[in-house]
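Listed here are the chains, written in short residue letters.
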Amino acid sequence: SQQGEEDPQALSIQEGENATMNCSYKTSINNLQWYRQNSGRGLVHLILIRSNEREKHSGRLRVTLDTSKKSSSLLITASRAADTASYFCADPQGGYNKLIFGAGTRLAVHP
Amino acid sequence: DTGVSQDPRHKITKRGQNVTFRCDPISEHNRLYWYRQTLGQGPEFLTYFQNEAQLEKSRLLSDRFSAERPKGSFSTLEIQRTEQGDSAMYLCASSLGPTGDTDTQYFGPGTRLTVL
């Protein structure tokens, strides 16, 4: 079962613009992780935000977390064509930290 | 390349055939996960190994599916009597286990299965 929903399902922007993707989740979390998946490929871990953090940065990525609303957002600034991919939020659940993913946001960045 | 590897990358089979996939995790990682991803969806957890012990299985893992990790290193996922609904990308991930309060999983490129 999916943990939550990403919004929007698809996003199309021009190079240089910013892209914002949102993720809502259902249960309490220890941390929330964002992954990127290029077309038909494996997932790459981008960034992790802990439940006691509100904002985190990594290069052109900025993640926020609002535990009261059970939501997170991923902002990619100054997007590039190479950022074209699907982006997923996931939270580790259970004693073995299995990841529960949302359905993802498909981002297309046009040159 | 010292990342997670999976073999084969693509598999086309006829309904009713058996298939086996292999995953080689990062060498020092004792945790290994299998996920399944269908088109347009996020990955769904299938099963988890800690060393050679299979400690958790999803309800998605029907009795036609079996996974092993015999020596705590590589893992295999076998699907018997494949059905068209088994068509998906099968992803393997490994991790070192919790360091502090995080446990980053590293994913392989996946095996794309098509059942005709």
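Refer to the structure presented above.
Residue numbers restart at each chain and count upward from 1, following the sequence in its written direction. Each chain takes a letter, starting from A, and each ligand takes a number, starting from 1, following the order in which they are written. Local features are withheld for residues below a pLDDT of 70 in this predicted model, meaning they are given only at 70 or higher, and side-chain atom pairs are given and counted only at 80 or more; totals for whole chains, interfaces and linings count all residues. Note that water and hydrogens are dropped before the side-chain values are worked out from all heavy atoms of the structure.

1. What about the overall build of chain A?
Then comes step 1: Going along the chain from the N terminus, every DSSP run of H or I of four or more residues is numbered as a helix, and every run of E of two or more is numbered as a strand. In terms of helices and strands, chain A carries 0 helices and 11 strands.
Then comes step 2: When the helices and strands of chain A are placed in sequence order, the string is β-β-β-β-β-β-β-β-β-β-β.
Then comes step 3: Exposure classes here rest on a 1.4 Å probe applied to the protein chains alone. A residue is buried below 20% of its type maximum, exposed above 50%, and partly exposed in between. Counting only residues that meet the buried cut, chain A has 45% of its 111 residues in that class.
Then comes step 4: Contacts: residue pairs with any heavy atoms within 4.5 Å of one another. A fraction of 53% describes how many contacts in chain A between residues 6 or more apart in sequence connect residues 24 or more apart.
Then comes step 5: Each accessible area value is a Shrake-Rupley result obtained with a 1.4 Å probe; residue values ignore everything except the protein chains displayed when judging cover. A total of about 5,200 Å² of accessible surface is found on chain A, and carbon and sulfur atoms cover 45% of it.
Then comes step 6: Across chain A, the 13 positively charged side chains and the 10 negatively charged ones have centroids separated by 5 Å. We score Asp and Glu as negative and Lys and Arg as positive, and we do not count His or the chain ends. To locate a charge, take NZ of a lysine, CZ of an arginine, CG of an aspartate or CD of a glutamate.

2. Some thoughts on the sheet that holds strand S3 (residues 19-24) of chain B
The strands that make up a sheet pair up through hydrogen bonds in the backbone, lying either parallel or antiparallel.
Residues and elements named next belong to chain B.
Then comes step 1: By definition, two strands form a pair when at least two bridges between them are found by DSSP. With antiparallel pairing, the 4 strands of this open sheet are ordered in space as S1-S3-S8-S7. Among the strands making up the open sheet, the edge pair consists of strand S1 (5-7) and strand S7 (65-68). Taking each pair of neighbouring strands and ignoring which way they run, the sheet shows an average axis angle of 15°.
Then comes step 2: In this structure, S7 lies alongside strand S8 (residues 75-79), joined through 4 bridges in antiparallel fashion. For Glu68, the partnering residue across the bridge sits in S8 and is Thr76. Note on geometry: axes are C-alpha line fits, over the in-contact stretch for helices, and angles between N-to-C directions span 0 to 180 degrees.

3. Focus: the pattern of salt bridges
Then comes step 1: In the sections that follow, a salt bridge refers to a side-chain nitrogen of Lys or Arg positioned within 4 Å of a carboxyl oxygen of Asp or Glu. Scanning the entire structure with this criterion turns up 7 salt bridges over all chains.
Then comes step 2: Note that Asp83 of chain A and Arg60 of chain A form a salt bridge whose closest N and O atoms lie 2.9 Å from each other. Here Arg60 of chain A lies in the loop between strand S6 (55-58) and strand S7 (61-66) and Asp83 of chain A lies in the loop between strand S8 (71-76) and strand S9 (85-93), a separation of 23 residues in the sequence.
Then comes step 3: The class for Asp83 of chain A is buried, based on a relative accessible area of 7%.
Then comes step 4: Note that Glu56 of chain B and Lys98 of chain A form a salt bridge whose closest N and O atoms lie 2.6 Å from each other. In this pair, Glu56 of chain B is assigned in strand S6 (residues 53-57) and Lys98 of chain A in strand S10 (residues 98-101), connecting two distinct chains.
Then comes step 5: By relative accessible area, Glu56 of chain B is classed as buried at 19%.
Then comes step 6: Put simply, Arg64, Glu83 and Asp86 of chain B are held in one network by salt bridges that share partners.

4. Points about the interface of chain B and chain A
Then comes step 1: Counting from both sides, the interface comprises 27 residues of chain B and, opposite them, 23 residues of chain A.
Then comes step 2: Once two parts are brought into contact, the accessible area they lose, counted with a 1.4 Å probe and summed over both, makes up the buried area. In total, about 2,000 Å² of surface goes out of reach between chain B and chain A, with carbon and sulfur atoms giving 50% of it.
Then comes step 3: Those elements that provide at least two residues to the side of chain B that touches chain A are strand S4 (31-37), strand S5 (44-50), S6 and strand S9 (88-95) of chain B.

5. Concerning the nonpolar core
Then comes step 1: If you look at the biggest cluster of nonpolar residues, it comprises 21 residues, and the most contacted ones within it are Met21, Leu32, Trp34, Leu74, Ile76, Tyr87 and Leu107 of chain A.
Then comes step 2: Looking at this core, the elements with two or more residues in it are strand S3 (19-24), strand S4 (31-37), strand S5 (43-50), S7, S8, S9 and strand S11 (105-110) of chain A.
Then comes step 3: Core analysis: the next-biggest nonpolar cluster, separate from the first, contains 19 residues, Leu32, Phe49, Leu61 and Leu77 of chain B among them. Within this scheme, the nonpolar core is defined by two criteria: the residues are buried Ala, Val, Leu, Ile, Met, Phe, Trp, Tyr or Cys, and they are joined through side-chain atoms within 4.5 Å.

6. Side note on the sheet that holds S6 of chain A
Residues and elements named next belong to chain A.
Then comes step 1: Pairing is antiparallel across the open sheet formed by 5 strands, whose spatial order is S1-S3-S8-S7-S6. At either margin of the open sheet sits one strand with a lone partner, and together these are strand S1 (5-7) and S6. Neighbour to neighbour, the strand axes of the sheet diverge by 15° on average, direction disregarded.
Then comes step 2: By the bridge criterion, 3 bridges tie S1 to S3 in an arrangement that is antiparallel. The residue bridging Asp7 from the neighbouring strand is Asn22, located in S3.

7. Side note on the state of the cysteines
Then comes step 1: We call a pair of cysteine sulfur atoms a disulfide whenever their separation is within 2.5 Å. For the structure on display, the rule yields 2 disulfides over all chains.
Then comes step 2: Between the sulfur atoms of Cys23 of chain A and its disulfide mate Cys89 of chain A the distance is 1.9 Å. In this structure, the disulfide formed by Cys23 of chain A and Cys89 of chain A twists by about 70° around the S-S bond and is classed as right-handed. You can see Cys23 of chain A sitting in strand S3 and its partner Cys89 of chain A sitting in strand S9, a full 66 residues away along the chain. Judged on exposure class, the residue Cys23 of chain A and its partner Cys89 of chain A are both buried.
Then comes step 3: Across a sulfur-sulfur distance of 1.9 Å, Cys23 of chain B and Cys92 of chain B are joined as a disulfide pair. The S-S bond linking Cys23 of chain B to Cys92 of chain B shows a torsion near -65°; that makes this disulfide left-handed. Taken together, the residues span a long stretch of sequence, with Cys23 of chain B in strand S3 and Cys92 of chain B in strand S9 at a distance of 69 residues. Taken as a pair, Cys23 of chain B and Cys92 of chain B share a single burial class, namely buried.

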